[in-house]
Structure formats: C-alpha cells, structure tokens
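These are the residues of each chain, in order.
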Amino acid sequence: MLRRKFLLGLLSLIASSACFAQLTIEISGAGANRLPIAVASFAGENKLPAAISEVIQFDLNRSGVFKLIDTAGVAAPEVPSPDFSQWRGRGADALVLGTVNSLADGRMEVRFRLFDTTKQSQLEGQAITFRTETARRTGHQIADIIYQRLTGLPGIFSTRIAYIERQGKRYRLMVDDSDGQNPQAALISGEPIISPAWSPDGSRIAYVSFEKKKPIVYVRPLGSSMPFVLANFKGSNSAPAWSPDGRKLAVTLTKDGLSQLYLLNADGSGLRRLTTSAGIDTEPVFSPDGASIYFTSDRGGSPQIYKIPAEGGNAQRVTFEGSYNVSPRISPDGKTLAYIARNNGMFQVTVQDLATQQTQILTDSAKDESPSFAPDGRTILYATEVGGRGVLATVSIDGRVRQRLSSAQVGDVREPAWGPLAK
Amino acid sequence: MKKTLLASVILSALLAACTTTPTEQAAPTTPTAGTATTTTPTTPAVTQAADTTKKANPWDALKDPNNILSKRSVYFDFDKYEVKLDYMPLVEAHAKFLKANGDAKVLVQGNADERGSSEYNLALGQKRANAVKQTLTTLGVKDSQIEAVSLGKEKPRATGHDEASWAENRRDDILYNGEY
C-alpha cells in the first residue's frame, strides 16, 4: 500500500522531469520504523522550474528514514498554527508547510515551517532567498535542515555526485545533484574517462583520460579553468586519490615497471614512490585521518586489500576472505571498509567492520563496481549492471535500503564518486 | 598530412591483419565495432602509400599483409602474463625491426577482459604490456624505443560477455610511431 503510494509519487516526479533526461530513482526495499512526515505543496511554487516541495519529498523519501504522507488535494497555506488534528488524522507526526514569493529585485523567497503535530509546536521556521534557477538547490537545502532537525544528523541532500556517462563513443564526466536530477557535463571526450575523485573541498575533480591513447591523470577545477595534467609519466597513470587536506594525491604509475603507488603534490610536483612490491599495487585511498592508505594488491597471489602508513612503510593485509577483493573505500568515521568482493563469480559491494573484521555482502547483483560513501557514511553509491546497461545504485550500510538511479536516456553510467558535504 | 595518410594506411593494414589473429578460431576477431566502414579501401590506400614512399622503405613491411610485422596482436591465456610460444616469432620479428630501425618506437597497449574493477583491470593490462616489453628488451631492443601502457577493460575489441570475447580482449597491441 505504502509502496504503491511511493510509486505513484515517483511516477509523477518522473513525468514532471522526463524532458530533462535525468537520472530517476527507483526504490526497492525500505527500512522499518520510518518517521511519518507530510510535506504539503508550497503556495506559489508553480512559478518555479522545480517544485520545492517535491524536491523535499523526494529527498526525505530516498533517505529511508521517513514515511511520506500523501498530501494530494490538501490546500495548506504556510501559517503559524495549522490544523494539527487534520494532519494527525492523516498519520503525520511531522508537517512541512511553505510559501514562495517573488521579491522586488527579481529574486525569490521561500518561507517554510516544520511542525511536530503531536506536541503541536513549531520546530523550525526560516526564510531563504534564492534565484529562480537554483530552486532545486534550495529544496535540497530545506531538506537538509529538516533532516538535521529531526534526526540530529547532517543532511546530505545538497551534496553532489560525479560519474561517467557513455553513449556510443562519447564519454562525459558528469557532475550532478546527489538525487541525479541536475546533470551537468564537466568534460566531454571521444575516449574513455575513469576514476573521478573529488578534492576534499569539492572544488576540483581528478580523473583518468585515455585521450592520448594511454591513461593520464588530470585535475579539472570546477568553474571556469581548464583541466591540467597531474601525472603523465612513461607508461600508465591512474587511480588518483586525494589526501584529506587536499594537498597531495596518491596515484598508480607504471614508470618503473608494474603498477605501484606514488605520492605527488596537488600541482603535480614532488613525486615520491610509496610502495615497492613484486606485484600490482593500485586503487589507493586515504583513511579520513590521513594516516593510512588502503589499496589493492596481488602481492599475495590474489587481489586483496592492504594498508600502509601514508608516508610509506610496511603493508598490512586487511581482507582475508575470498580470492578477489578490490576497490577499497573507507567510511568518513574511519570504521568501515567498503569494497568489491567476488563471490561465486559475482562482484558485490561488501563492507568490513575494521575493528571486528566482520564482513557483510550488501547487494545481490553480479557486476558491482566503484563503491563510494555518502559524506554521512550511511549510504554507499556504486555502479552495477541491469539489463546489460550500466546504472548507478545506492545501498544503506546495513544493506536494508537499496535504490537505483537509472538514466532515462540510452547509454551507460559508471564510475560514480560521491562529493563532500557542501561548504 | 602524410602522417595522417600513413596512419590510415597502417590502420587498414592492421584491420586486414586482424582477421588472422588468435589461436582460438571461436573468437570472432572482426566485430571491432565501428571499423566496418574502413575495411574497403585497403588496396587503393596501399597503392597510394607506395607512391609517396620509396619502394625500399623498410617501414612498408609494417603494413604488408604478407609480412609478419603487419601482425600486431599478442594474445594471453586467462590469468597469465607471459608471452606464449606461439607469439614469439611475431615479437622476435618486431624486435629485429626495432633494432634495425633506431628511429622506430612502439607503444604496447595491454588490454583486459571486462570482469572486475576498472583500475585493477588497468593493472592487469599493464602486466600484459610489460610482458611484451620485457621480451623485446631481452631480445636487445632499447628501453627508450618501447612504452608499455594499459587500456584495461576500457577499449574492448570484442564487446560480448562470453569467454570468446574475454579471450579476444586479453591482448596486447603493438603500435608504431605515427600510428598513435
């Protein structure tokens, strides 16, 4: 019943945004004990390119924390004391009301209030000024405020994701809102692009391009400036990973033979070798405290995850189960390792509690790749394949809520990377 | 201009060579997506090249379909990273050419099948590229004449999802300067 309501809501969202060929989200599973919340249509929002209340509903819904109450057909102006009994009757524990007004200078203002319908009290009330074209962003911002007020945790709806979209022989490095509804091409190429990595401040993306018939690492500042070459040594250059302070990057180079880890400054200077093994060392990633680098190595015969001190030193093996464990990522609190494990020929998103070494497979798909933690550490974004097409999906770190972001247009989407919290 | 022409000539020669590649006939080597349009002009292109270059030019051998030097693909077994005996004559021929022509340079591009992570496959492709590079240097080719790189699983020649396609993509390609 509930799911049907969600579907209906989603269908209308999909219908209203279909012409933009954006990613759409499908939910396949839901957490228990979700907080029932009603977000009424905001008065005056129909003059905006995106209805703010719908952006908020979509965000709260996909968090898996809320159960959205149907508000269809309810005229609910933004007033200090709404008819709480009416909303209680509909099953809402929380209520959001809002109004959008045009300002004299051409900008817009949205006023919204968040109520606790049981205590019949206002929890939050704010006015935000914005430009018409940033209506979506404003919706995400309000969703973040509501989420934070009701859960005590920071909201991540204003964060962005990067991914690679391939259509025929065209590759695009895309930057998008984390709900997949605002895709912008940061780079277009006739050759593959892989491994986008956000700088910790969200201002730059490092990536690997094959435009010169070999892999070369570039950094693209978001904004006006052009990409610059970070690493182009003899052989292959790949797998960029930023240090948490944004001043250095670990990369994989083959200038001295097999793939090994190196460290360089963010301007490409100061190259230093980090690992010296007889096998492959690649896919480096810094721990959030900057003290360690986790990476994939086949030095023990099969690809497994290891870690070394960030300044180099002895490697310590981290994964032991199975014969193929790759693509390590560390949660923002440093406690959980996410990676791709091969189980009976299926490549699946897996997590390991770094303290107890307990592991859990989070998906039932067969071709998962590129896990990436949300900045709040509660969700993992990853690439997988459905019906022969590359799609993006998310899974909560307990494996209970899984969602799919699938592009409405033809083509493959892969190599996702979740950006940092908006500053 | 001449370089573009040469490159296209070599490309078509390469494509012609493609059809006689790997050990397992099961692997259809033709499905190089997007190359279908370039298959026809092979003969006229070769003639043009002969006009613009001297008859005795040793570089002609690289695109002569009857010469082993026109064969540029080295295939590998699953999870194996050494040059198989079947491909030694090919690699030896290129070593001989590189030693005789000091201005010749090669880009060895390693590839991997689609299974697993992009970056780890990039490293596996590099292992294959390094194997050919190692063999060439052992045969006396100067290190400065060879660059070994990987395309990982990003540029598959066969786009299927079966063992035949995977075998086709466990491969090194040898490209000479002017071809990349």
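My aim in this report is to walk through the structure given alongside it, one point at a time. As the structure is a computational prediction, the values presented were derived from the model and not from experiment.

## Thoughts on the overall build of chain A
Summing up its helical and strand segments, chain A has four helices and 30 strands in all. Restricting the contact set of chain A to residue pairs at least 6 apart, pairs at least 24 apart contribute 43%. Looking at chain A as shown, the accessible area adds up to about 17400 Å², and 49% of this sits on carbon and sulfur atoms.

## A short note on the nonpolar core
With 28 residues, the main nonpolar core has B:V74, B:V83, B:V106, B:V132, B:L136 and B:Y176 as its most contacted residues. Mapped onto this core, the elements with two or more residues apiece are β1 (73–75), α3 (88–100), β2 (106–111), α4 (118–138), β3 (146–152) and β4 (171–176) of chain B. If one sorts the elements of this core by residue count, α3(B) sits on top with seven residues. Beyond its immediate chain neighbours, meaning those up to four positions away, B:V106 contacts B:L98, B:L136, B:Q145, B:I146, B:E147, B:I174, B:L175, B:Y176 and B:Y180. Grouped together as the second largest cluster of nonpolar side chains are 26 residues, A:F42, A:L60, A:I146 and A:F157 included.

## A look at the sheet that holds strand β19 (residues 292–297) of chain A
Spatially, the four strands line up as an open sheet ordered β18-β19-β20-β21 (chain A), and their pairing is antiparallel. Where the open sheet ends on each side, the last strands, each with one partner, are β18 (281–286) and β21 (316–317) of chain A. The pairing of strand β20 (residues 304–309) of chain A with β21(A) spans two bridges and is antiparallel. Note on β21(A): the bridge partner recorded for A:Y306 is A:R317. The sheet strands contacting α4(B) are β18 and β19 of chain A, and the helix crosses β18(A) at an angle near 150 degrees.

## Topic: the sheet that holds strand β2 (residues 35–39) of chain A
Residues and elements named next belong to chain A. The strand order across the open sheet formed by five strands is β3-β2-β4-β5-β6, and the pairing between neighbours is mixed. Since the sheet does not close on itself, it has two edges, and those belong to β3 (66–68) and β6 (121–130), each with one partner. Here the strands of the sheet are splayed against their neighbours by 25 degrees on average, with no regard to which way each runs. Looking at chain direction, β2 and β3 are connected through three bridges and run parallel.

Scoring rules and cut-offs
- Residues numbered from 1 in each chain as written.
- Chains lettered and ligands numbered in written order.
- Predicted model: local features only at pLDDT ≥ 70, side-chain atom pairs only at ≥ 80, totals over all residues.
- Heavy atoms only, no water.
- Helix = DSSP H or I, 4+ residues; strand = E, 2+ residues; numbered from the N terminus.
- Contact = heavy atoms within 4.5 Å.
- Areas by Shrake-Rupley, 256 points an atom, 1.4 Å probe, with all protein chains shown as cover.
- Core = buried A, V, L, I, M, F, W, Y, C linked by side-chain atoms within 4.5 Å.
- Buried < 20%, exposed > 50% of the residue type's maximum accessible area, 1.4 Å probe, protein only.
- Pairing = 2+ DSSP bridges.
- Axes fitted to C-alpha atoms, helices over the stretch in contact; angles between N-to-C directions.

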